[in-house]
Amino acid sequence: MSIDLKTMFDLSGRVCVVTGGGRGIGKSIATALAAHGATVVITGRTQTTLDAAAEEISHAGGKVDAITADVSSEDDVERLARAVEKRHGVAKVLVNNAGVNAIYKRVEDTTLAEWNEIIATNLTGVFLTCRAFGRGMLTAGSGSIVTISSIGGRVGLGKTGPYCASKGGVELFTRSLAIDWAPKGVRVNTVAPAYVETDLTAGLSEHPVLSERITQRTPMRRFAHPDEIAGAVVYLASDASLYVTGQTIGVDGGWTAA
Ligand SMILES: NC(=O)c1ccc[n+]([C@@H]2O[C@H](COP(=O)([O-])OP(=O)(O)OC[C@H]3O[C@@H](n4cnc5c(N)ncnc54)[C@H](OP(=O)(O)O)[C@@H]3O)[C@@H](O)[C@H]2O)c1
């Protein structure tokens, strides 16, 4: 299939849904997609956070809408998919960015409730959104799904058992889905960052010992800025990656090369 090499990153007219788009990595991704012409729908559990992000994106000239939803709730996700289709039409791009890691402790000290909370958002949430938005993409015969995984989905990290299980889960879920949906024109990939400076990692980046340990283990010797994750997502959302599916792009400062 030939593509226009000049406009292959252009997302004009494409409806892109970004879960957890109100802050952190998701906000950077939503801002970048809007800057490339997409109509972006950001979603999350907190209306005020979404409104503030939408205001910023809109102020910069982007087309944006904000709809609250908890990705771990089947009802919320189905309601979100219906609302997006009604207001904007079928979504061409879904970015599964919403994620949590509420704990940093050994498995023997982890409660079932803690395990369930992380799996419900990071893994079940990805299943629910892929299913809900995938229906429209399959009918349309095209679409791109990008899930924000983690180095923790590719290699083991200490004291983050449920998180690594959830991210390893989305890695293999993505590859399975990619095989099923490739003949139907829907591509499914992941982006796997290492440590990024956001609310999620504030406890680590502000901790002198842990921060130093992470920095020394990262070949680039620093945490990433959230904007540094967005480029890989724009690429996977666009025609520049039309023959790419079932893949993981590591945006990890060299972490998984070592
Ligand atoms: N920061 C890192 O170092 C790093 C590294 C690798 C991978 N990641 C991954 O990147 C993604 C974004 O992380 P981040 O660092 O930007 O985290 P963050 O700053 O804590 O933001 C998380 C976002 O997800 C939303 N969210 C959480 N639970 C949700 C739920 N049940 N339903 C809907 N939205 C929910 C939050 O909004 P509400 O709280 O308002 O719902 C927020 O917008 C996550 O999947 C994370 O695992 C992060």
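In the block above lies the structure referred to throughout.
So, a few notes on the structure that sits alongside this text. This is a predicted model, so every value here is computed, not measured. (Residues numbered from 1 in each chain as written. Predicted model: local features only at pLDDT ≥ 70, side-chain atom pairs only at ≥ 80, totals over all residues.)

Here we look at the overall build of the chain
Okay, step 1: Helix and strand content of the chain: 8 helices and 7 strands.
Okay, step 2: In terms of C-alpha radius of gyration, the chain reaches 17 Å, essentially the compact-globule figure of 18 Å for 258 residues.
Okay, step 3: Its C-alpha atoms give the chain principal-axis dimensions of roughly 45 × 40 × 40 Å.
Okay, step 4: Residue burial in the chain is summarised as follows: out of 258 residues, 45% are buried.
Okay, step 5: In the chain, 71% of the contacts between residues at least 6 apart in sequence involve partners at least 24 apart. (Helix = DSSP H or I, 4+ residues; strand = E, 2+ residues; numbered from the N terminus. Rg over C-alpha atoms; globule rule 2.2 N^0.38 Å. Buried ≥ 20, exposed ≤ 12 C-beta atoms within 10 Å, placed from the backbone. Contact = placed C-beta atoms within 7 Å.)

A few points about unusual backbone geometry
Okay, step 1: Phi is positive for K159, which is not a glycine, with a value near 55°.
Okay, step 2: For K159, the location among the structural elements is in the loop between β5 (143-148) and α5 (161-181).
Okay, step 3: By the C-beta count within 10 Å, which is 13 here, K159 ends up partly exposed.
Okay, step 4: A positive phi is found at R221, a non-glycine position, where the angle reads about 60°.
Okay, step 5: Topologically, R221 is positioned in the loop between α7 (208-217) and α8 (227-237).
Okay, step 6: Of the residues examined, R221 has 11 C-beta atoms within 10 Å and is grouped as exposed.

Regarding the site of the ligand
Okay, step 1: Taken together, 29 residues lie around the ligand, and G20, G24, R45, T46 and G99 are the ones closest in.
Okay, step 2: Listing elements by their share of the shell around the ligand, those giving two or more residues are α1 (24-35) and α4 (112-140).
Okay, step 3: Across the shell around the ligand, the residue classes tally to 9 nonpolar, 16 polar and 4 charged. (Near = placed C-beta within 6 Å. Nonpolar A, V, L, I, M, F, W, Y, C, P; charged D, E, K, R; others polar.)

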